[in-house]
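# Tertiary structure, described
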Amino acid sequence: CAALDIALIHVSTDALFDGDHAPYAETDEPSPIHPYGRAKALAEVAVRESCPDAVVVRTSLIVATDGSDSTSRWAIESIRAGERVTFFDDEFRMPILVDDLAAQIWEIAALPRAERAGVWHLVGPERLSRVDVGRVLCRWFALDESLIDVASAATMGEPRPRDVSLSSDRVSSLTCRARPLGSVGAHG
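Read on for an overview of the structure. (Residues numbered from 1 in each chain as written. Predicted model: local features only at pLDDT ≥ 70, side-chain atom pairs only at ≥ 80, totals over all residues. Heavy atoms only, no water.)

## Digging into the pairing of strand β1 (residues 9–13)
Just so we agree on the cut-off: Two strands qualify as a pair provided that DSSP identifies no fewer than 2 bridges between them. Secondary structure elements follow DSSP: runs of H or I no shorter than four residues count as helices, runs of E no shorter than two count as strands, and numbering proceeds from the N terminus. Looking down the strands as they point away from the viewer, one classifies a crossover as right-handed if the path from the first strand across the helix to the second runs clockwise.
Of the pairings in the sheet, the one linking β1 to strand β2 (residues 55–59) comprises five bridges and is parallel in character. Paired with threonine 13 across the two strands is threonine 59, which belongs to β2. Note that the unit made of β1, helix α1 (residues 35–50) and β2 has a crossover that is right-handed.

See the structure below:
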């Protein structure tokens, strides 16, 4: 992209923060605590060094109302089959609907280079636990919520960021607003 002077939009994650100092601003330095977060932080560095005017979009769990995203698909298929699923009640994210994320990215892509460059936090407006997300999926798809088991992320062997809520000063300049998960229904 740098060699051909082509604009680059790199999609990153909220999981590159340690989870102890939320909400994280676009100016906060990554502080990953697990391999995935470290890999994403290194990718951001490589992108920004190679293309200083690139856009880096940090987002959260991406949810599709038709259930086609990986987290939703797994939970929906398992619960429909009568299997129990486990979600954490002490790990917080700000899930965003895939259509809203795509609309915001397209809006950023249309901005002049100087206005779009840098880090953007594109997330939904709600801080939800993984259990909350599971319950939304159950409502959307008329699934049995009693098949959701609640667990603590603290019981996992590998450290996981507890709260990677993101704040965004830049998103206020966009016309597209991310909707709460509960404000839409399933389309699948």
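## Let's talk about the side chain of aspartate 18
The test is simple: Only protein chains enter the calculation, and the probe is 1.4 Å; a residue is then buried if its accessible area is under 20% of its type maximum, exposed if over 50%, and partly exposed in between. Under the counting rule used here, the positive set is Lys and Arg, the negative set is Asp and Glu, and His together with the chain ends is not counted. We define a salt bridge as a side-chain nitrogen of Lys or Arg found within 4 Å of a carboxyl oxygen belonging to Asp or Glu. Counting of polar contacts relies on pairs of N or O atoms within 3.5 Å, with two restrictions inside protein: one atom must be capable of donating a hydrogen and the other of accepting it, and residues adjacent in sequence are counted only when both atoms are side-chain atoms.
Looking at the secondary structure, you find aspartate 18 in the loop between β1 and α1. No salt bridge is formed by the buried aspartate 18; the nearest opposite charge belongs to arginine 162, separated by 9.1 Å. Here histidine 21 takes part through its side chain, which lies 3.3 Å from a polar atom of the side chain of aspartate 18.

## What to know about helix α2 (residues 70–80)
The α-helix advances 3.6 residues per turn, and as a result positions three or four apart in sequence lie on the same side. Cut-off, in case you're wondering: Throughout, the arc means that of the directions going from the helix axis to the C-beta atoms. Contact definition: two residues touch when any of their heavy atoms are within 4.5 Å.
Where α2 is concerned, the buried positions are Ser72, Ala75, Ile76, Ser78 and Ile79. The buried residues of α2 all sit within an arc of 170° when viewed along its axis, so they share a single face. Pointing more than 90 degrees away from the buried face of α2 are the exposed residues Ser70 and Arg80. Elements in contact with the buried residues of α2: β3 (62–63), β4 (85–88), α5 (130–141) and β9 (148–151).

## Considering the environment of leucine 122
Mapped onto the elements of the fold, leucine 122 is located in the loop between β7 (118–121) and β8 (128–129). Distance from leucine 122 to valine 56, taken between C-alpha atoms, is 10 Å for residues 66 residues apart in sequence.

## Looking at the sheet that holds β7
The strands that make up a sheet pair up through hydrogen bonds in the backbone, lying either parallel or antiparallel. Formally: Here the axes come from fitting lines to C-alpha atoms, over the contacting stretch only for helices, and the angles between their N-to-C directions go from 0 to 180 degrees.
With parallel pairing, three strands are arranged side by side in an open sheet as β1-β2-β7. Only two strands of the sheet have a single partner each, and these edge strands are β1 and β7. The average angle at which neighbouring strand axes cross in this sheet is 25°, direction not considered. With respect to the sheet, α1 is in contact with β1, β2 and β7, its orientation differing from that of β1 by roughly 155°. On top of the sheet, helix α3 (residues 98–109) reaches β1, β2 and β7; it is set at about 165° to β2, its chief contact.

## Things to note about the nonpolar core
Applied cut-off: For our purposes a nonpolar core is just a set of buried Ala, Val, Leu, Ile, Met, Phe, Trp, Tyr and Cys residues, chained together by side-chain atoms within 4.5 Å.
The biggest cluster of nonpolar side chains holds 21 residues, and the ones touching the most others in it are Ile79, Phe87, Trp140, Phe141, Leu143, Ile148 and Leu181. With seven residues, the single largest contributor to this core is α5. Of all hydrophobic cores here, the second largest spans eleven residues; its members include Val57, Ile108, Leu111 and Trp120.

## Regarding α3
For clarity, the threshold we go by: Multiplying 1.5 Å by the residue count of a helix minus one yields the expected span of that helix.
In this model α3 runs 16 Å from its N-terminal to its C-terminal C-alpha over twelve residues, within 8% of the 16 Å that 1.5 Å per residue would give. Residues of α3 that are buried: Asp100, Leu101, Gln104, Ile105, Glu107 and Ile108. The arc that holds every buried residue of α3, seen down its axis, measures 160°, which confines them to one face. Of the residues in α3, the exposed ones pointing more than 90 degrees away from the buried face are Asp99 and Trp106. In this fold, the buried residues of α3 make contact with β1, β2, β3, β6 (96–97), α4 (113–116) and β7.

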